[in-house]
There are 2 protein chains.
Amino acid sequence: MTSAAEIPDTETVPEEPSGGGEPARVAGGIPEATVARLPVYLRALYTLAERGANTVSSDELAACAGVNSAKLRKDLSHLGSYGIRGVGYDVEYLVYQVSRALGLTQNWSVVIVGAGNLGRALANYGGFLTRGFQISAILDSDPSLVGRPIGPVTVRHVTELESVITSNSVAIGVIATPAGTAQVVCDRLVAAGVTSILNFAPLVLNVPDGVDVRKVDLSIELQILAFHAQRRFAERFGQESDSAAEA
Amino acid sequence: MTSAAEIPDTETVPEEPSGGGEPARVAGGIPEATVARLPVYLRALYTLAERGANTVSSDELAACAGVNSAKLRKDLSHLGSYGIRGVGYDVEYLVYQVSRALGLTQNWSVVIVGAGNLGRALANYGGFLTRGFQISAILDSDPSLVGRPIGPVTVRHVTELESVITSNSVAIGVIATPAGTAQVVCDRLVAAGVTSILNFAPLVLNVPDGVDVRKVDLSIELQILAFHAQRRFAERFGQESDSAAEA
DNA sequence: CGTTGTTTGTGAACGAATGCACAAAGTGCT
DNA sequence: AGCACTTTGTGCATTCGTTCACAAACAACG
Ligand SMILES: NC(=O)c1ccc[n+]([C@@H]2O[C@H](COP(=O)([O-])OP(=O)(O)OC[C@H]3O[C@@H](n4cnc5c(N)ncnc54)[C@H](O)[C@@H]3O)[C@@H](O)[C@H]2O)c1
Ligand SMILES: NC(=O)c1ccc[n+]([C@@H]2O[C@H](COP(=O)([O-])OP(=O)(O)OC[C@H]3O[C@@H](n4cnc5c(N)ncnc54)[C@H](O)[C@@H]3O)[C@@H](O)[C@H]2O)c1
C-alpha cells in the first residue's frame, strides 16, 4: 500500500560537518524559518493527497503553499534528498518525511489552562486531534466551570494541574487565562515539567532556558495590519500621516 | 497635563534618501521586523505608565518587552529621535509616537465573518476595543445564528457583507469560517474594498496585490512546538529520532 | 564652567534568509 | 543507446536582521 516502501530508502540525513556559507547548522539541523514553513507544506501535501495526486513538483507544491519554489526546494533539502529529478516528490512519502521531521510521528498531550471564551473554542476545535495533538485536560480556577463538558473533555480544577501533567506525560501547555494570572500559570507548568508553551495572554512570559514559548497575539496582528493599511492610505492620498480622517 | 506638550517637537521623520548598509528603507520607512515588535513595546509602555513611570530607559523597556536593548533602540530610531540621552524616553510621549507610527491614532472598523466557536470568542473579547479597533459586525451564513447577540453586536447574515463594509468604512476583515468557504469569503471581502485580512482558517488565501493577509494558525504553532520538543528529547536521550516513545 | 556619570543613536561586523540561475540527474521517446 | 526534456538540489549574490561597541549628547553636581 505504502508506495513509500518502493522508494529508495537513502536515509541520508545531512550530517556533514559544515556546508560553507549556509546558516551554520541551526539546532536540529533545520533553520528556524524552514521549521515554520514545514507545517504549511504538510497541509498542502494533505490537500494534494486527498485530490488524488501521487507525485508533485516543487512548482506545484510551492504554489499551493504560497511560497517561492526555490525556497521550497531548499527547505525540503534540509530534511534529506527525497525528490526525483525530472519527476518531483512522492506525495505520500514526503508527508511521512515532513511529519517525522516535525516530530508528528508520536502523539503529543496538550493541556489547556483557562476555560473562558478562547479556551472553550480551542477545546471544541477538532483540528488539533487530526495531527497528533491530543487534549488531555482543560483546567480553570472558576469552580462553577468545573465539571462542564467541553469537546472531548470536562473542565477540571486548576489545582489538578501538576497531577494531570505528570500522569498524562503532558509536554505542551496552552495558556488561555487573563494576562494577570498567566505568569503564575506558566511557572506552574514549567515546574511540573512542561517545556513547550503556547501563550494567548497578552504579556511577555518569563521562562528559564530550555523552555520554548510561542505566543499568539491577535491584538498585535491587528496592529500590524493597521500599520500597513495606514501606509497604503497615506500613499494613496496626501502623505499627511497625522490628524487626518478621524473615523 | 500631557507632558508631551513640553517635549521639543522635533518632527524629524527620517527622510534621507539612503542610509548606507541599512535595510534599504522598507515601505513606510520602517523594517517589517520592527513593525512586528512595535505593538509589544506599546503594551510594555502602557504597563509602565500604569505603574506610574514617567520615563524609561531602553534597558528597562527592552527587559519588559523581552528583547535586546540595542534592538529596541534601533527599532525606535526608525520612528525618529525621541529619547533623551542620559535619561531615557518619556513614557507618555513614546506611547503617542509608537501609536502614531502604527496608525492607532485613528479608529479601525473590523468585521468578523463566521460566528462559530472562534468568531464568538473574538467578538466577546474586550481587548480589541481598547486599542482603537471596533467590531462593526459579525456575520454568519447560518440563519439560526442571525440575531443572536455576541459582545457588542448581534450576528447578521453574511449576505449583508458588502453593505456592512461600505456603510461602516470597514478596512479590516477577520475570517473565522471553515477552510472550505474561506477563499470565497476572502474574495467577497476584497471585492467590497477590504485590503487587510486576518485569517484563522487553515489554508493559504489567494489575494491580489495590494491586499495584506496575516494568518493565525494554531495548529502550525503546535507543530513548531512539537519540533523543538522532539529535538530536546532526542538530545537528552539517544538520538534515535524515529519510532521511539510512542505515547 | 568643567567634570563625572548615564544613556541614546548608530556605524560596522556578523549572521540568517531569500531568490537566481544552472549543473546534475533523472524520465521517456525514438 | 542516444537525445530531448523535465525537475531537483545547491552555489552564489543579495537583501534583511541582529548584536556589539562606542562616540556624541545630555543631566547633575560641585
Ligand atoms: N477571546 C479572544 O478572542 C482573545 C483574543 C486575544 C487575546 N485573548 C487572550 O486570551 C486569554 C483568554 O481570553 P478569554 O477571552 O478566554 O478570557 P475569559 O475571561 O473568557 O477566560 C479566562 C478564563 O481563565 C480562567 N482563569 C483565571 N485565572 C486562572 C488561573 N489562575 N488558573 C486557571 N484558570 C484561570 C477564568 O476563570 C476564565 O474562565 C486572555 O489573556 C485574553 O487576553 C483572547
Ligand atoms: N476554534 C479553534 O480553536 C480553532 C483553532 C484553529 C483554527 N481554527 C479555524 O478557525 C475557523 C473557525 O473555527 P471555529 O471553531 O469557529 O469553527 P465553527 O465551525 O465553530 O464556526 C464556523 C462558522 O462559520 C460559519 N460559516 C460557514 N460558512 C460561512 C460563510 N460562507 N459565510 C459566513 N459564515 C460561514 C458557520 O455557520 C459557523 O458558524 C476554522 O477555519 C478553523 O479551522 C479554529
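Residues numbered from 1 in each chain as written. Chains lettered and ligands numbered in written order. Predicted model: local features only at pLDDT ≥ 70, side-chain atom pairs only at ≥ 80, totals over all residues. Heavy atoms only, no water.

### Remarks on the site of ligand 1
Turning to step 1, where the next piece is worked out: In the vicinity of ligand 1 lie 25 residues, with Asn117, Leu118, Asp140 and Thr177 of chain A together with Tyr125 of chain B positioned nearest.
Turning to step 2, where the next piece is worked out: The residues that come close to ligand 1 belong to more than one chain, namely chains A and B.
Turning to step 3, where the next piece is worked out: At 2.5 Å from an oxygen atom of ligand 1 is found a side-chain nitrogen or oxygen belonging to aspartate 140 of chain A.
Turning to step 4, where the next piece is worked out: Residue serine 141 of chain A places a main-chain N or O atom 3.3 Å away from a nitrogen atom belonging to ligand 1.
Turning to step 5, where the next piece is worked out: Within the residue set of the shell around ligand 1, elements represented by two or more residues are helix 5 (117-124) and helix 7 (179-191) of chain A together with helix 5 (117-124) of chain B.
Turning to step 6, where the next piece is worked out: Ranked by residues supplied to the shell around ligand 1, first place goes to helix 7 of chain A with 3 residues. (Near = heavy atom within 4 Å. Polar contact = N/O pair within 3.5 Å; in protein donor to acceptor, adjacent residues only side chain to side chain. Helix = DSSP H or I, 4+ residues; strand = E, 2+ residues; numbered from the N terminus.)

### A short note on the relation of the copies chain B and chain A
Turning to step 1, where the next piece is worked out: Expressed as a screw operation, the relation of chain B to chain A combines 0.0 Å of axial shift with a rotation of 180 degrees, fitting to an RMSD of 0.0 Å. Viewed as a symmetry operation, the transformation between the two copies matches a two-fold axis.
Turning to step 2, where the next piece is worked out: In this assembly, 100% of the residues forming the interface of chain B have copies in chain A that are likewise at the interface, indicating an isologous arrangement. (Least-squares fit on C-alpha atoms with pLDDT ≥ 70 in both. Contact = heavy atoms within 4.5 Å.)

### Quick word on the protein's contact with DNA strand D
Turning to step 1, where the next piece is worked out: With respect to spatial proximity, 27 residues lie near DNA strand D, and among them Ser58, Arg73 and Tyr89 of chain A together with Arg37 and Arg85 of chain B are the closest.
Turning to step 2, where the next piece is worked out: In this structure, serine 58 of chain A approaches DNA strand D through a side-chain N or O atom, which is 2.4 Å from a phosphate oxygen.
Turning to step 3, where the next piece is worked out: In the model, a phosphate oxygen of DNA strand D is placed 2.9 Å from a nitrogen or oxygen of the serine 81 of chain A side chain.
Turning to step 4, where the next piece is worked out: Broken down by secondary-structure element, the contributors of at least two residues to the surface near DNA strand D are helix 3 (69-77), strand 2 (83-84) and strand 3 (88-90) of chain A together with helix 1 (32-50) and helix 3 (69-77) of chain B.
Turning to step 5, where the next piece is worked out: For the surface near DNA strand D, the element with the highest residue contribution is helix 3 of chain B, accounting for 4 residues.
Turning to step 6, where the next piece is worked out: Across the surface near DNA strand D, the residue classes break down as 10 nonpolar, 8 polar and 9 charged. (Nonpolar A, V, L, I, M, F, W, Y, C, P; charged D, E, K, R; others polar.)

### A few points about the site of ligand 2
Turning to step 1, where the next piece is worked out: The environment of ligand 2 is formed by 25 residues, the closest being Tyr125 of chain A together with Asn117, Leu118, Asp140 and Thr177 of chain B.
Turning to step 2, where the next piece is worked out: The environment around ligand 2 is built from residues contributed by chains A and B.
Turning to step 3, where the next piece is worked out: At a separation of 3.2 Å, an oxygen atom of ligand 2 approaches a polar backbone atom of alanine 121 of chain A.
Turning to step 4, where the next piece is worked out: One nitrogen or oxygen atom from the main chain of asparagine 117 of chain B is found 3.0 Å from an oxygen atom belonging to ligand 2.

### Structural notes on the protein's contact with DNA strand C
Turning to step 1, where the next piece is worked out: Residues in close proximity to DNA strand C total 26 residues, the closest being Lys74 and Arg85 of chain A together with Ser58, Arg73 and Tyr89 of chain B.
Turning to step 2, where the next piece is worked out: Close to the protein, within 4 Å, the atoms of DNA strand C belong to sugar or phosphate groups at a rate of 70%.
Turning to step 3, where the next piece is worked out: Between a base nitrogen of DNA strand C and a side-chain N or O atom of lysine 74 of chain B, the distance comes to 3.0 Å.
Turning to step 4, where the next piece is worked out: Note that a phosphate oxygen of DNA strand C is positioned 3.0 Å from one of the backbone N or O atoms of glycine 83 of chain B.

### Topic: unusual backbone geometry
Residues and elements named next belong to chain A.
Turning to step 1, where the next piece is worked out: In this structure, serine 169 takes a positive phi of about 50 degrees despite not being glycine.
Turning to step 2, where the next piece is worked out: Following the sequence through the fold, serine 169 ends up in the loop between helix 6 (161-168) and strand 8 (172-175).
Turning to step 3, where the next piece is worked out: A relative accessible area of 59% places serine 169 in the exposed class. (Buried < 20%, exposed > 50% of the residue type's maximum accessible area, 1.4 Å probe, protein only.)

### Digging into the layout of surface pockets
Turning to step 1, where the next piece is worked out: Considering only enclosed or pocket space, the largest pocket measures out at about 1,400 Å³ in volume.
Turning to step 2, where the next piece is worked out: Secondary-structure elements contributing two or more residues to the lining of the largest pocket are helix 1 (32-50), strand 10 (212-215) and helix 8 (218-236) of chain A together with helix 1, strand 10 (212-215) and helix 8 (218-236) of chain B.
Turning to step 3, where the next piece is worked out: Among the elements that take part in the lining of the largest pocket, helix 1 of chain A stands out by supplying 7 residues, more than any other.
Turning to step 4, where the next piece is worked out: Looking at the lining of the largest pocket residue by residue, the classes come out as 26 nonpolar, 4 polar and 13 charged. (1 Å grid on protein atoms, 1.4 Å probe; cavity = no way out; pocket = protein on both sides within 12 Å on 5 of 7 lines; lining within 4 Å. Points joined across faces, edges and corners; volume = space filled by probe spheres on them.)

### Comments concerning the sheet that holds strand 2 (residues 83-84) of chain B
Residues and elements named next belong to chain B.
Turning to step 1, where the next piece is worked out: Taken in spatial order, the 3 strands line up as 1-3-2 in an open sheet, and their pairing is antiparallel. Both outer strands of the open sheet, strand 1 (55-56) and strand 2, are each paired with one neighbouring strand and no more.
Turning to step 2, where the next piece is worked out: Bridge count between strand 2 and strand 3 (residues 88-90): 2 bridges; the pairing is antiparallel. The residue of strand 3 that forms the bridge with isoleucine 84 is glycine 88. (Pairing = 2+ DSSP bridges.)

### As for helix 5 of chain B
Turning to step 1, where the next piece is worked out: The complete set of buried residues in helix 5 of chain B reads Gly119, Ala121, Leu122 and Ala123 of chain B.
Turning to step 2, where the next piece is worked out: Each element contacted by the buried residues of helix 5 of chain B is listed here: helix 5 and helix 8 of chain A together with strand 4 (108-113), strand 5 (133-140), strand 6 (149-150) and strand 8 (172-175) of chain B.

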